[in-house]
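Fold and contact review
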Amino acid sequence: LYDLSQADDAAVIVEENLNLAVEIDHGLSADLKFISSKFLYDDTGSSIFRKIMQMKEYYPTACEFEILSLQSAQIIDSLNFGRPFNIVEFGAGDGIKTRQLLKKLLETGIDFTYVPIDISEQALADLQENMIEALPELKMKPLAGDYFSMFHAISDAATPNLFLFLGSNIGNYPAEAASELLSSFYAAMSSGDKLLIGFDLQKNPKVIRNAYDDPHGITKAFNLNLLTRINRELQANFQVSQFDFYCHYDPISGEVKSYLVSLVAQKVWIQALGKEFSFQQNELIWTELSQKYTFEQINSLAKENGFIVNHNFLDCRHYFTDSLWEK
Ligand code: AVI
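Report on the accompanying structure. (Residues numbered from 1 in each chain as written. Predicted model: local features only at pLDDT ≥ 70, side-chain atom pairs only at ≥ 80, totals over all residues. Heavy atoms only, no water.)

A word on the overall build of the chain. Looking only at helices and strands, one finds 11 helices and 13 strands in the chain. Relative to the compact-globule value of 20 Å for 327 residues, the chain shows a C-alpha radius of gyration of 21 Å, a close match. Along the first, second and third principal axes, the C-alpha set of the chain runs to 60 × 45 × 40 Å. Every one of the 327 residues in the chain was classed for burial, and the buried ones make up 50%. By sequence separation, contacts in the chain at least 24 residues apart represent 72% of the contacts at least 6 residues apart. Accessible surface computed for the chain: about 15,200 Å², of which carbon and sulfur atoms make up 51%. Placing the 26 positive and 44 negative side-chain charges of the chain at their respective mean positions leaves the two points 5 Å apart. (Helix = DSSP H or I, 4+ residues; strand = E, 2+ residues; numbered from the N terminus. Rg over C-alpha atoms; globule rule 2.2 N^0.38 Å. Buried < 20%, exposed > 50% of the residue type's maximum accessible area, 1.4 Å probe, protein only. Contact = heavy atoms within 4.5 Å. Areas by Shrake-Rupley, 256 points an atom, 1.4 Å probe, with all protein chains shown as cover. Lys, Arg positive; Asp, Glu negative; His and termini not counted. Charge placed at Lys NZ, Arg CZ, Asp CG, Glu CD.)

In structure tokens form, the structure reads like this:
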């Protein structure tokens, strides 16, 4: 598909970069340029995201921490598995929030195995180290990879599963893709399996705007890191200082959209694609959608994809819900 003959040894694309190459080519060739937000999470991006989660403006983390700290007992009561089970967490990140739930489960003496799944091997190694230190008795089977390849590795019909999809990660998928993802979760789950899924709720628009348009520039660095990643992995020559970050919350649609903005008219060469891309002054690259939900939307997402909503666990400000669904 791509002419690699010009690439020198150091520039040979490893297999995992082929996917990046194909998608970047597609996104930067579109009329409204875009880069999928899944590429935000290389090791540097995952570590910047951990800084985002520590910002006071980024309320979803504190909300979910509160839910999992104060309502773990109620969540555990709603599980009703009655035998050993797995807790399978997608996009586990640093696991600090999940630790609250795991700690409570261990105190209760319930038999379970924690299976964190993350794209970033570094994030997973850090998570494992932190978990072992905080909860030495925890049974843990970490898996590095994307969601789908992992379904097969964990499916064992005899052991029930609680799937965790926290942090409103679902909000990063456009409506159709979110529904497809949930239906593939459903297909991989056995009857009686549960899914605890985080949704960021619609609220005062200023609160939402401040969480993304943060005054520290951390979210800006998170987005600009995409260009640094493309420079490194696809041997491109983006001048990162020639791009800015812009984001916007639309309270009518519930969408936060994030963009990179080309500050000048410029051309960028991507060696791995053997191609040059032109950017006009102020041209946008769409990098992320962060959807905010109403309860009506949450209920219909569950229903459309075959799930029963068992319960919504809310923080005290009603900013966020961890919704417990059952197959
Ligand atoms: C991971 N995800 C749910 C975050 C969000 O809120 O959309 C990623 C993020 N982007 C900017 N800040 C945080």
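Time to look at the site of the ligand. Tyr58, Asn172, Tyr212, Glu288 and Ser290 are the nearest of the 13 residues found near the ligand. Side-chain polar atom of asparagine 172 to an oxygen atom of the ligand: 2.8 Å apart, as the coordinates give it. The contact in question runs from an oxygen atom of the ligand to an N or O atom on the side chain of tyrosine 212, over 2.5 Å. When contributions to the shell around the ligand are tallied by element, the ones reaching two or more residues are α2 (43–54), α10 (218–233) and β11 (284–291). Class assignment for the residues of the shell around the ligand results in 6 nonpolar, 6 polar and 1 charged. (Near = heavy atom within 4 Å. Polar contact = N/O pair within 3.5 Å; in protein donor to acceptor, adjacent residues only side chain to side chain. Nonpolar A, V, L, I, M, F, W, Y, C, P; charged D, E, K, R; others polar.)

Examined against the element boundaries, glycine 171 turns out to sit in the loop between β5 (161–165) and α8 (175–188). Note on glycine 171: relative accessible area 1%, which makes it buried. Linking glycine 171 and tyrosine 58, residues 113 residues apart in sequence, is a C-alpha distance of 15 Å. Leaving out residues up to four positions away in the same chain, glycine 171 has contacts with Leu289, Ser290, Gln291 and Tyr293.

It is worth spelling out the packing of aromatic side chains at this point. Going through the model one piece at a time under the given rule, you end up with 20 aromatic pairs. One residue, lysine 257, lies across the ring of tryptophan 286, its end atom 4.9 Å from the ring centre. Geometry around tyrosine 186 places lysine 327 over its ring, the cationic atom sitting 4.4 Å from the centre. (Phe/Tyr/Trp six-rings, centres within 6.5 Å; stacked < 30°, edge-to-face > 60°. Lys NZ or Arg CZ within 6 Å of the ring centre and 35° of its normal.)

Function cannot be read off these values alone, since they describe shape.
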